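Here is how the chains run, residue by residue.
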Amino acid sequence: MERLPGWLRRHLAAIRAVIVLTLVTGAVYPLAVTGIGQALFHGDANGSIVQKDGRDVGSAIVGQNFTAKDGAAVPAYFQSRPSAAGDGYDMQSTAASNLGPEDVVDVLPNPAGADKAAREGRRSLLTQVCARSREIGEREGVSGARPYCTPDGVGAVLKVFPFAGTPTRVVSVNQACPAAPFVAEYRGVKVECGRPGEDYSAGRTVPVRGEVTGVRVPADAVTASGSGLDPDISVAYAELQAPRVARERGLRPDRVQALIRQNTTGRALGFMGAPAVNVLQLNLALDKE
Amino acid sequence: MSDNTAGILFIASLVVALVLTHKPLGDHMYRVYSGVRHSAVERVVYRLLGVRPEAEQKWGVYARSLLAFSVMSLLFLYGLQRLQDKLFLSLGFPPVTGHLAWNTAVSFVTNTNWQAYSGESTMGHLVQMAGLAVQNFVSAAVGMAVAIALVRGFARKKSETIGNFWVDLVRGTLRILLPIAFAGAIVLIAGGVVQNFSAPHTVTTLTGGVQHITGGPVASQEAIKELGTNGGGFYNTNSAHPFENATSWTNWVEIFLILLIPFALPRTFGRMVGQLRQGYAIVSVMAILALAGVVLTNVFELSGDATVPQAVGAAMEGKDVRFGVSNSATFAAATTLTSTGAVNSFHDSYTPLGGMMTMFNMMLGEVAPGGVGAGLYGMLVLAVITVFVAGLMVGRTPEYVGKKIGAREIKLASMYFLVTPVLVLVGTAVAMGNRAGLAAMLNTGPHGLSEILYAFTSASNNNGSAFAGVTVNTPWYDVALGLCMIFGRFLPIIFVLALAGSLAGQAPVPESAGTLPTHRPQFVGMVVGVTVIVVALTFLPALALGPLAEGIH
């Protein structure tokens, strides 16, 4: 070794260092952690699997869909949050939506479009929020109205032409014709419905807040989580769903409320995180009733 | 308890914990890097490496050893990914494609941990455990080694050498990172983070659907991912994934691990130069910038000031219920203020100004408190620049911790600071100017520019987080961002080591009436000012076109 030139010695040492440190930190360390973890916290280390009637049905800390084969919500179960992981709660393709806070303009589906993307269109984050809110409102028998949403459940967004100066043309850009625009007039100009395939990008984007107060559908119900696997819903969303679940199962409302409380995790040590209701655990508890 | 009170207590409890660990951990690291004795295990390691631990290195040799180690790590990690189907525990995944394997190898060797791949569908358990996790350890140890070498430059008198790279690498890994990561991993398992070698386990859900429960040695990787300010997640959704971050308290633990070493290293610096107060001054600068970053990110996210969060009623898109908005914002600030890049919520969906804060935090140059090691050496270079600026203003000879800051020193420090802005701004400009670059945007308008700007900021500063809507697993981005990561990591390191060599060779200048005191609040304020002004002047035009244009109506 000592007789070799410096640069060669250095690179040989580097190769050996990679191998030795790989053995220590890439084999001994993870195996030791696995050994201790499996011995002391067997259930946690293996994914907190929960069972029903002796059969594995999921993980206590990972959310899942409570929908039928056709994707419709099963009304006897509490519903999870929207998920951007694959078709929802897919652990092999976890994802968030990554849509921005000003993603408010849809591409309307255009049957005469040149490619698949144009034919299918694209719903903005705002429209997704509005559509979810409307759907959940209908499911729970409350108003699904929220600010910046039209009554028909899309983003209340106008495109105003020209970009600057006095408007001459105004389009409710997310409402495909023949829908009636959510406002008839904007600064004296009649509002048109959106025509699929037309390019409105030159106009100024004006989201319209509207007069909605007392929103009934909670924030977590209309947004996709970061993990795509959120096991929890807020207490407010659980309480919104409680009457429907009680009705579907023929249970007394106070019994359902008690189960919600039992499956609510408060803030750790009183101040960490936010109170959360574990949906799978709650639904399992309901199935035991 | 109200949400806001809980959020404030969460931040306060982290501050208290870091204050409590600052001294013992800083002192421990001082002993690790200054001690002359080698443990029996270390002696075996040195023999296997074929190096003499007593041999001190000049800065050039130190740098060449570091680069040799990094090149070999790069080749090893590249090879491991390309051959994963031939090895065991691959879960049946094919070899990682060439450009992605290059990008990922660079990303982990440079402590960036940018993820152009989705862990659960690309990397088998062996690559994760023996490739990615290993680099989580050693790239962090490399960062600490460089910081310690620079500190030795200040501490030594008329010395030609700045330490031995192999000793610093091995000691940092075995005596600092390994024990803390081990304890952290066990704590995380207790919270629900998984640690096994299972292939996906298929279950039938309550309503008859199918779910594939993934496994893996996650906790062991998660602990070092945070502790080494690495950030590459085992799964695609990183620390938002319940198997990586199961509860609201594991979230606290992970943020704590991220901040632990960077906030303790200034103590090590103070001990090594024999003036604890110099360490306190440095940690104060870091703490002021960090607290401002955390608080502002929280304020902007909680205000929910943008159309979609207003429609929703809170900035909940891309955030999990168990963390809530405030703790997500705190994690986002911690991960971008250090060069970690792990995420527990998705920055792309943040409010415009909240998202801007995550970018601004990185643009500070990863110094508040920055990555393990990288934060300290970045901050010391800033201190050098500050004494120079102050010296120009009042006509004093610039000195720092007893060393003269001459032409050579200031040139090296300036070159250090030019590297990342050049990479970020030129990289973004090139991306915006060609079709392959533009194609990556998920969102349009200013937000699309933010996605690209974020990507280059993150890669060049070795952070690794993303406005994740951007589609970066393309040959163009894999190569471009890979180059940004390499230059953004190793050019500054070479300049820092050269600076260390130059400082170590000097005889200390005795303190005189003309010496600017560098331990007083006045100096702390000046370093904060220099840091913020340098960043603002460099990046404000780019921020104005992206997040500011989006956020200001």
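Residues numbered from 1 in each chain as written. Chains lettered and ligands numbered in written order. Predicted model: local features only at pLDDT ≥ 70, side-chain atom pairs only at ≥ 80, totals over all residues. Heavy atoms only, no water.

(A) Fine view of the sheet that holds strand β5 (residues 185-186) of chain A. Residue and element names in this part refer to chain A. If you walk across this open sheet you meet the 5 strands as β5-β6-β4-β3-β7, and the pairing is mixed. Looking at the sheet topology across the chains shown, the edges are occupied by β5 and β7 (204-207). As paired strands, strand β3 (residues 157-161) and strand β4 (residues 169-176) are joined by 4 bridges and run antiparallel to one another. In the sheet register, Val160 faces β4, and the bridge partner there is Val170. (Pairing = 2+ DSSP bridges. Helix = DSSP H or I, 4+ residues; strand = E, 2+ residues; numbered from the N terminus.)

(B) Region of interest: helix α7 (residues 165-191) of chain B. All names here are of chain B. For α7, built from 27 residues, the straight-helix expectation of 39 Å at 1.5 Å per residue is met to within 8% by its first-to-last C-alpha distance of 37 Å. In the structure, α7 departs most strongly from a straight axis at Leu177, where the bend amounts to approximately 40 degrees and where the proline Pro179 lies between one and four residues downstream. With 20 of its 27 residues buried, α7 lies for the most part within the structure. Where α7 begins, one side-chain oxygen reaches toward the backbone nitrogen of Trp166, 2.8 Å away; that side chain belongs to Asn164. Following α7 by one or two positions, Gly192 has its phi on the positive side, about 120 degrees. (Expected span 1.5 Å × (residues − 1). Bend = angle between axes of the 7 residues up to and from the residue. Buried < 20%, exposed > 50% of the residue type's maximum accessible area, 1.4 Å probe, protein only. Polar contact = N/O pair within 3.5 Å; in protein donor to acceptor, adjacent residues only side chain to side chain.)

(C) Broad picture of the interface of chain A and chain B. Contacts between the two partners involve 99 residues from chain A, matched on the other side by 104 residues from chain B. At the boundary of chain A with chain B, total buried surface from both sides reaches about 8000 Å², with 66% on carbon and sulfur atoms. By the criterion of area lost to chain B, the three top residues of chain A are A:Tyr29, A:Asn98 and A:Pro101, representing 9% of everything that side buries. In this structure, the connection of chain A to chain B is made through 1 salt bridge. With a closest N to O distance of 2.4 Å, B:Asp3 and A:Arg267 form a salt bridge. Scanning the region where chain A abuts chain B turns up 38 residue pairs in polar contact (both at pLDDT 80 or more). At the level of secondary structure, the elements contributing two or more residues to the side of chain A that touches chain B comprise α1 (6-40), α2 (42-45), β1 (49-52), β2 (55-59), α4 (125-140), β8 (232-233) and α7 (279-288) of chain A. (Contact = heavy atoms within 4.5 Å. Buried area = accessible area lost by both parts, 1.4 Å probe. Salt bridge = Lys/Arg side-chain N within 4 Å of Asp/Glu carboxyl O.)

(D) Layout of the nonpolar core. Formed by 194 residues in total, the largest nonpolar core has its most connected members in B:Phe69, B:Phe154, B:Trp166, B:Ile261, B:Phe269 and B:Tyr400. A per-element tally of this core places helix α6 (residues 125-155) of chain B first, with 19 residues. For B:Trp166, the contacting residues outside a window of four places in its chain are A:Arg10, A:Ala13, A:Ala14, A:Ala17, B:Tyr46, B:Leu49, B:Val51, B:Gln57, B:Ser65 and B:Phe69. A:Leu125, A:Cys130, A:Val222 and A:Ala238 belong to the second-largest nonpolar core, a separate cluster that totals 51 residues. (Core = buried A, V, L, I, M, F, W, Y, C linked by side-chain atoms within 4.5 Å.)

(E) View of the state of the cysteines. Tallied over the full model, the rule gives 2 disulfides over all chains. The cystine pairing of chain A, numbering bonded cysteines in sequence order, is 1-2, 3-4. (Disulfide = S-S within 2.5 Å.)

(F) Molecular detail of the packing of aromatic side chains. Residue and element names in this part refer to chain B. Summed over all chains, the structure comprises 16 aromatic pairs over all chains. Aromatic pair Phe69 and Phe165: ring centres 6.1 Å apart, planes at 55 degrees, arrangement tilted. In this pair, Phe69 sits in helix α3 (residues 59-82) while Phe165 sits in helix α7, placing the two residues 96 residues apart along the sequence. Looking at Phe165, the relative accessible area reads 0%, which means it is buried. Judged by centre distance (4.9 Å) and plane angle (65 degrees), the ring pair of Tyr416 and Phe417 falls under edge-to-face. For Tyr416, a relative accessible area of 10% corresponds to the buried category. (Phe/Tyr/Trp six-rings, centres within 6.5 Å; stacked < 30°, edge-to-face > 60°.)

(G) Quick look at empty space enclosed by the protein. All names here are of chain B. Summed over the entire model, instances satisfying the criterion amount to 5 cavities of 30 Å³ or more. When its volume is computed, the largest cavity comes out at roughly 320 Å³. If you trace the largest cavity, you find 25 residues lining it, with Gly365, Glu366, Tyr416, Thr420 and Asn461 closest to the centre. The set of elements that each furnish at least two residues to the lining of the largest cavity consists of α14 (374-394), α15 (407-432), α18 (475-504) and α19 (521-551). The class makeup of the residues in the lining of the largest cavity is 13 nonpolar, 10 polar and 2 charged. Its volume calculated, the second largest cavity comes out at about 80 Å³. (1 Å grid on protein atoms, 1.4 Å probe; cavity = no way out; pocket = protein on both sides within 12 Å on 5 of 7 lines; lining within 4 Å. Points joined across faces, edges and corners; volume = space filled by probe spheres on them. Nonpolar A, V, L, I, M, F, W, Y, C, P; charged D, E, K, R; others polar.)

(H) Examining the pattern of salt bridges more closely. The full count for this structure, using the stated rule, is 27 salt bridges over all chains. The residue B:Glu42 makes a salt bridge to B:Arg175 at a minimum N-O spacing of 2.7 Å. Taken together, the residues span a long stretch of sequence, with B:Glu42 in helix α2 (residues 40-49) and B:Arg175 in helix α7 at a distance of 133 residues. The network of salt bridges with common partners includes A:Arg169, A:Glu192, A:Arg195 and A:Glu198.

(I) Examining the domain arrangement of chain B more closely. Residue and element names in this part refer to chain B. Partitioning chain B into domains gives domain 1 (3-274) and domain 2 (372-551). A C-alpha centroid distance of 23 Å is found between domain 1 and domain 2. Taken together, the contact pairs 48 residues of domain 1 with 47 residues of domain 2. Between domain 1 and domain 2, roughly 3800 Å² of surface is buried when both sides are summed, and carbon and sulfur atoms account for 76% of that area. Among the residues domain 1 hides against domain 2, the three largest losses belong to Trp114, Leu150 and Phe154. Together they make up 22% of the total. Viewed at the interface, domain 2 and domain 1 are joined by 0 salt bridges. Run the count over domain 1 and domain 2 and you get 13 residue pairs in polar contact (both at pLDDT 80 or more). Where the side of domain 1 that touches domain 2 is concerned, the elements lending two or more residues are α3, α4 (98-109), α6 and α9 (248-273). When residues of the side of domain 1 that touches domain 2 are assigned to their parent elements, the largest contribution, 12 residues, is made by α6. (Domains from an automatic or database assignment.)

(J) Geometry of the environment of B:Glu366. Residues and elements named next belong to chain B. Relative to the elements of secondary structure, Glu366 occurs in the loop between α13 (352-363) and α14. For Glu366 and Leu380, which are 14 residues apart along the polypeptide, the C-alpha to C-alpha distance reads 12 Å. Other than its neighbours up to four places away in sequence, Glu366 contacts Thr336, Leu337, Thr338, Ser339, Asn361, Gly371, Ala374, Gly375, Asn461 and Asn463. A distance of 3.0 Å separates the side chain of Glu366 from the side chain of Asn463, its partner in a polar contact.

(K) Expanded view of the sheet that holds strand β10 (residues 276-278) of chain A. Residues and elements named next belong to chain A. The strand order across the open sheet built from 3 strands is β8-β10-β9, with neighbouring strands paired in antiparallel fashion. Two strands close off the open sheet at either side, each with one partner strand: β8 and β9 (264-265). Bridging between β9 and β10 involves 2 bridges; their strand directions are antiparallel. Residue pairing across strands places Thr264 opposite Val277, the latter belonging to β10.

(L) Fine view of unusual backbone geometry. For the bond from A:Cys177 to A:Pro178, the omega torsion is 10 degrees, close enough to zero to count as cis. Tracing the backbone through its elements, the reader meets A:Pro178 in the loop between β4 and β5. B:Pro369 follows B:Ala368 through a cis peptide bond whose omega is 0 degrees. With respect to the helices and strands, the residue B:Pro369 is situated in the loop between α13 and α14. Not every positive phi belongs to a glycine, and A:Arg187 is a case in point at roughly 45 degrees. Phi angles above zero are rare outside glycine, and B:Thr229 is one such case at about 45 degrees.

(M) A look at a nonpolar patch on the surface. Residues and elements named next belong to chain B. A cluster of nonpolar side chains, Val15, Val19, Leu291, Val295 and Val299, forms an exposed patch at the surface whose accessible area comes to about 390 Å². Secondary-structure elements contributing two or more residues to the nonpolar patch are α1 (3-34) and α10 (276-303). With 3 residues, the top contributor of residues to the nonpolar patch is α10. Note that Val19 resides in helix α1. For Val19, a relative accessible area of 57% corresponds to the exposed category. (Patch = residues over 30% accessible without salt bridge, like charges linked within 9 Å, V, L, I, M, F, W, Y side chains within 5 Å. Areas by Shrake-Rupley, 256 points an atom, 1.4 Å probe, with all protein chains shown as cover.)

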